[in-house]
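Inside the fold
Below, each chain spelled out in residue letters.
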Amino acid sequence: MAALGRQQIFLRGEPPKRQAVTLTLSFEQEDGQWVGTCLELGASTFADTIPAAYEELVDAILLHLNEAEDEGYIEQYLQARNVRVTAIEEHGPKGNAWSSLVESAV
């Protein structure tokens, strides 16, 4: 089956120093399972349905981002993967940990 894709925005920080990254999520069906992959980070998951694969993939991405943040190498981690960090003035989840702006399933 053809791949499905979407872009997902992830946020961190408190105003006025909020930052965002936009990552590309791809979903393909393989052997009766849906495989979700973040193209920039290489994180991937699988599940029986697209919504389940999406939720697991978002969780995996947040683990990657927050671990890199906690260990102090988030800038290098994102730069090595050609992920651009942008300053924003958007509403949404606040805090120093990374969070997903869109919480709904595909």
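These notes cover the structure that comes with them. These figures come from a predicted structure and were not determined experimentally. (Residues numbered from 1 in each chain as written. Predicted model: local features only at pLDDT ≥ 70, side-chain atom pairs only at ≥ 80, totals over all residues. Heavy atoms only, no water.)

Bringing the nonpolar core into the picture now. Ranked by size, the top nonpolar core spans 25 residues in total, and within it Phe-10, Leu-41, Ile-61 and Leu-78 carry the most contacts. When residues of this core are traced back to their parent elements, those giving at least two are strand 2 (18-30), strand 3 (33-38), helix 1 (50-70) and helix 2 (74-80). Counting residues per element, this core draws most heavily on helix 1, which supplies 10 residues. If we ignore the near neighbours within four places in the chain, the residues touching Phe-10 are Gln-19, Ala-20, Val-21, Leu-23, Val-58, Ile-61, Leu-62, Leu-65, Trp-98, Ser-99 and Ser-100. (Core = buried A, V, L, I, M, F, W, Y, C linked by side-chain atoms within 4.5 Å. Buried < 20%, exposed > 50% of the residue type's maximum accessible area, 1.4 Å probe, protein only. Helix = DSSP H or I, 4+ residues; strand = E, 2+ residues; numbered from the N terminus. Contact = heavy atoms within 4.5 Å.)

What follows deals with the pattern of salt bridges. Across all of its chains, the model carries 2 salt bridges by this definition. Glu-69 is the salt-bridge partner of Arg-12, the closest N and O atoms lying 2.1 Å from each other. With Arg-12 in strand 1 (residues 4-13) and Glu-69 in helix 1, the pair connects residues that are 57 residues apart, well separated along the chain. A salt bridge links Glu-75 to Arg-12; its shortest N-O distance comes to 3.5 Å. Linking Glu-75 in helix 2 with Arg-12 in strand 1, this pair joins segments that are 63 residues apart in sequence. (Salt bridge = Lys/Arg side-chain N within 4 Å of Asp/Glu carboxyl O.)

With that settled, the discussion passes to the packing of aromatic side chains. Geometrically, a pair of aromatic rings is defined through the distance of the ring centres and the angle of the planes. Considering all chains together, one arrives at 2 aromatic pairs under this definition. Between Phe-27 and Tyr-54 the ring centres are 6.4 Å apart and the planes differ by 45 degrees, which places this aromatic pair in the tilted class. Taken together, the positions of Phe-27 in strand 2 and Tyr-54 in helix 1 put the pair 27 residues apart, joining distant regions of the chain. Residue Phe-27 is classed as buried on the basis of its relative accessible area of 1%. When the ring of Tyr-73 is compared with that of Tyr-77, the centres are 6.2 Å apart and the planes differ by 70 degrees; the resulting orientation is edge-to-face. (Phe/Tyr/Trp six-rings, centres within 6.5 Å; stacked < 30°, edge-to-face > 60°.)

This part is about unusual backbone geometry. Residues apart from glycine generally show negative phi values, whereas peptide bonds are mostly found in trans. Although it is not a glycine, Asp-31 sits at a positive phi angle of roughly 50 degrees. Here Asp-31 shows up in the loop between strand 2 and strand 3. For Asp-31, a relative accessible area of 84% corresponds to the exposed category. Of note in this structure, Asn-82 is not a glycine but carries a positive phi near 55 degrees. With respect to the helices, strands and loops of the structure, Asn-82 is situated in the loop between helix 2 and strand 5 (86-88).

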